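Now for the letters of each chain:
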Amino acid sequence: MNTGLIHTTVLLHEAVDALLGQPLPAQPQTFVDATFGRGGHSRLILSRMRAQDRLIAFDKDPQAVASAAQIDDTRFSIRHQDFCGIDALAPASVAGILMDLGVSSPQIDEPNRGFSFRFDGPLDMRMDTTRGQSVAQWLTDAPVNQIAEVIRDYGEERFAGAIAKAIVARRQERGPIASTTDLAQLVADTVKTREPGQNPATRTFQAFRIFINAELEELQHALEASLNVLKPGGRLVVISFHSLEDRIVKQFIAKHSRDEYDRRAPFAAPKVMKLKALGRIKPSAAEVAGNARSRSAMMRVAQRTSA
Ligand SMILES: C[S@@+](CC[C@H](N)C(=O)[O-])C[C@H]1O[C@@H](n2cnc3c(N)ncnc32)[C@H](O)[C@@H]1O
């Protein structure tokens, strides 16, 4: 394990301001950092919290959880669990939830994790290396239609069918694809037109990562759970890094920010809104200049109503 790899936190002050930026009642408050990573947001939250408050962090990556041992603060605890685990917190008990989605730089930059086509490594891509299947294991017998569907739906890749067929043909001829560079080369050989400045394998790698980690399903589940655990006035702050995630967050906030009428009972009172949308923020030009990985970030903020 390369413990020297660092993560530059995206929208650090903006996210923590949005989470804590309102006068807190005197009673102890609980905050949740649902995606600890290397703790950039958690450390700033702790520095801004009061002595009586507490911070519960989650991360499904054991290396992220191990790195949290550096935080020596009795107000802090971390759980090695996917963030759907927030639904086990007491109803209406949490004053703010932060989700900084996707992968951390240490995950991408460590060749052994298999997230990047830039390095040669095993084709793994699991955030939680203690359970589930790696991408290589899944590709050993996944049906061609499923592979194509994953690449199309999660990578928005025009050549999904051709790439899926090439993966299956290669596995029949020479055995399964086991490494990142093998996959990147196969995609480059199959995808004939390239988007300027983008590696042809970008979309396929994104698709496989989202699929193998059930990223969109877990996001949807955790957002729904947040409605139950946030107390009235509590904040939901979500930073996403691609349009599929952002669409889910945007639609979730929009759905719960308007009164819902039941079409089958047109005269019944509407279900009242559970969230108030507080807005969205993108990184400044200065942040993008200093950290290229922030360029696709979008942060959305909502507040739990008393409904
Ligand atoms: C972008 S990084 C977070 C960086 C963090 N905010 C910081 O400043 O260091 C995302 C982290 O969330 C974790 N993660 C992603 N999806 C998760 C999920 N469904 N449940 C728990 N952790 C998740 C990843 O393992 C990764 O460590």
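Residues numbered from 1 in each chain as written. Predicted model: local features only at pLDDT ≥ 70, side-chain atom pairs only at ≥ 80, totals over all residues. Heavy atoms only, no water.

Draft legend 1. Structural detail: the overall build of the protein. Within the protein, the secondary structure is distributed over 12 helices and 7 strands. By the compact-globule yardstick of 19 Å for 307 residues, the protein fits well, its C-alpha radius of gyration being 21 Å. The principal-axis extent of the C-alpha atoms belonging to the protein is close to 65 × 55 × 40 Å. Residues counted as buried form 50% of the 307 residues belonging to the protein. Here the protein displays about 14,700 Å² of accessible surface, and carbon together with sulfur accounts for 52% of that area. In the protein, 39 side chains carry a positive charge and 35 a negative one; their mean positions are 4 Å apart. (Helix = DSSP H or I, 4+ residues; strand = E, 2+ residues; numbered from the N terminus. Rg over C-alpha atoms; globule rule 2.2 N^0.38 Å. Buried < 20%, exposed > 50% of the residue type's maximum accessible area, 1.4 Å probe, protein only. Areas by Shrake-Rupley, 256 points an atom, 1.4 Å probe, with all protein chains shown as cover. Lys, Arg positive; Asp, Glu negative; His and termini not counted. Charge placed at Lys NZ, Arg CZ, Asp CG, Glu CD.)

Draft legend 2. Quick look at the sheet that holds strand 5 (residues 230-240). Judged by pairing direction, the sheet is mixed, and its 7 strands sit side by side in the order 3-2-1-4-5-7-6 without closing on themselves. The sheet terminates laterally at strand 3 (76-80) and strand 6 (275-281), the two strands that pair on one side only. In this sheet, neighbouring strand axes are inclined to one another by 15° on average, regardless of whether the strands run parallel or antiparallel. Of the strands in this sheet, strand 1 (30-33), strand 4 (94-100), strand 5, strand 6 and strand 7 (298-304) touch helix 1 (residues 12-20), which is tilted by about 165° from strand 5. The strands touched by helix 11 (residues 243-256) are strand 5, strand 6 and strand 7; relative to strand 7, the strand with the most contacts, the crossing angle is about 25°. (Pairing = 2+ DSSP bridges. Axes fitted to C-alpha atoms, helices over the stretch in contact; angles between N-to-C directions. Contact = heavy atoms within 4.5 Å.)

Draft legend 3. Here's a closer look at the site of the ligand. Near the ligand, the surroundings consist of 24 residues, among which Thr 9, Asp 59, Phe 83, Asp 100 and Glu 218 are the closest. Contacts to the ligand include Lys 60, whose backbone N or O atom sits 3.2 Å from a nitrogen atom. Computed on the free molecule, the ligand has an accessible area of 600 Å², of which 98% lies beneath the protein chains in the complex. A per-class count over the shell around the ligand returns 6 nonpolar, 11 polar and 7 charged. (Near = heavy atom within 4 Å. Polar contact = N/O pair within 3.5 Å; in protein donor to acceptor, adjacent residues only side chain to side chain. Nonpolar A, V, L, I, M, F, W, Y, C, P; charged D, E, K, R; others polar.)

Draft legend 4. Main features of the side chain of Glu 215. Structurally, Glu 215 is set in helix 10 (residues 215-229). In this structure the side chain of Glu 215 is engaged in a polar contact, spanning 2.8 Å, whose partner is the side chain of Arg 209.

Draft legend 5. How the structure looks around the nonpolar core. Grouped together as the largest cluster of nonpolar side chains are 60 residues, with contacts concentrated most on Met 99, Ile 147 and Phe 208. The element best represented in this core is helix 10, accounting for 7 residues. Every residue in contact with Ile 147, bar those within four places of it in the chain, is listed here: Trp 138, Leu 139, Ala 142, Ala 164, Ile 167, Val 168, Arg 171 and Phe 208. Judged by nonpolar contacts, the second largest core, of 25 residues, contains Leu 55, Leu 98, Val 237 and Val 301. (Core = buried A, V, L, I, M, F, W, Y, C linked by side-chain atoms within 4.5 Å.)

Draft legend 6. Seen up close, the packing of helix 7 (residues 160-174) against helix 8 (residues 180-190). Packing of helix 7 against helix 8 brings their axes to within 10 Å, and their N-to-C directions diverge by 125°. By the criterion of interaxial angle, the relationship of helix 7 to helix 8 is oblique. Classified by chirality, the crossing of helix 8 by helix 7 is right-handed. Contacts between helix 7 and helix 8 involve Ala 162, Ile 163, Ala 166, Ile 167 and Arg 170 on the former and, on the latter, Asp 182, Leu 183, Leu 186, Val 187 and Thr 190. For the contact of helix 7 with helix 8, the residue count by class is 7 nonpolar, 1 polar and 2 charged. (Parallel < 35°, antiparallel > 145°, perpendicular 65-115°, else oblique. Left-handed = near helix turned anticlockwise from the far one by under 90°.)

Draft legend 7. The arrangement of a positive patch on the surface in detail. There is a patch of like positive charges on the surface, built from Lys 255, Arg 258, Lys 271 and Lys 274. Among the structural elements, Lys 274 can be located in the loop between helix 11 and strand 6. In this structure Lys 274 comes out as partly exposed when scored by relative accessible area, which is 33%. (Patch = residues over 30% accessible without salt bridge, like charges linked within 9 Å, V, L, I, M, F, W, Y side chains within 5 Å. Salt bridge = Lys/Arg side-chain N within 4 Å of Asp/Glu carboxyl O.)

Draft legend 8. Representation of the packing of aromatic side chains in the model. On inspection of all chains with the given rule, the structure shows 4 aromatic pairs. Aromatic side chains Trp 138 and Phe 208 sit 5.3 Å apart centroid to centroid with 85° between the ring planes, which places their arrangement in the edge-to-face category. A residue pair is termed long-range when its members are at least 10 positions apart, and Trp 138 in helix 5 (residues 135-141) and Phe 208 in helix 9 (residues 202-212) qualify at 70 residues. Per residue, the accessibility class of Trp 138 equals that of Phe 208, and both read buried. On the basis of an interplanar angle of 40° and a centroid distance of 4.5 Å, the ring pair of Trp 138 and Phe 211 is categorised as tilted. (Phe/Tyr/Trp six-rings, centres within 6.5 Å; stacked < 30°, edge-to-face > 60°.)

Draft legend 9. Here's a closer look at the side chain of Asp 124. Along the chain, the position of Asp 124 falls in the loop between helix 4 (105-109) and helix 5. Residue classification places Asp 124 among the buried residues on the basis of a relative accessible area of 13%. Polar contacts involving the side chain of Asp 124 include one to the side chain of Arg 126, which spans 2.9 Å. Asp 124 has contacts with Arg 113, Gly 114, Ser 134, Val 135 and Ile 212, leaving out every residue within four places of it along the chain.

Draft legend 10. The environment of Leu 186, seen in detail. Residue position: Leu 186 is located in helix 8. Look at Leu 186 and you get buried, because its relative accessible area is 12%. Note: C-alpha distance between Leu 186 and Arg 170 (16 residues apart in sequence) is 8.6 Å. Setting aside chain neighbours within four positions, we find Leu 186 in contact with Ile 163, Ala 166, Ile 167, Arg 170 and Ile 177.

Without other data, these values stay purely geometric and don't point to any function.
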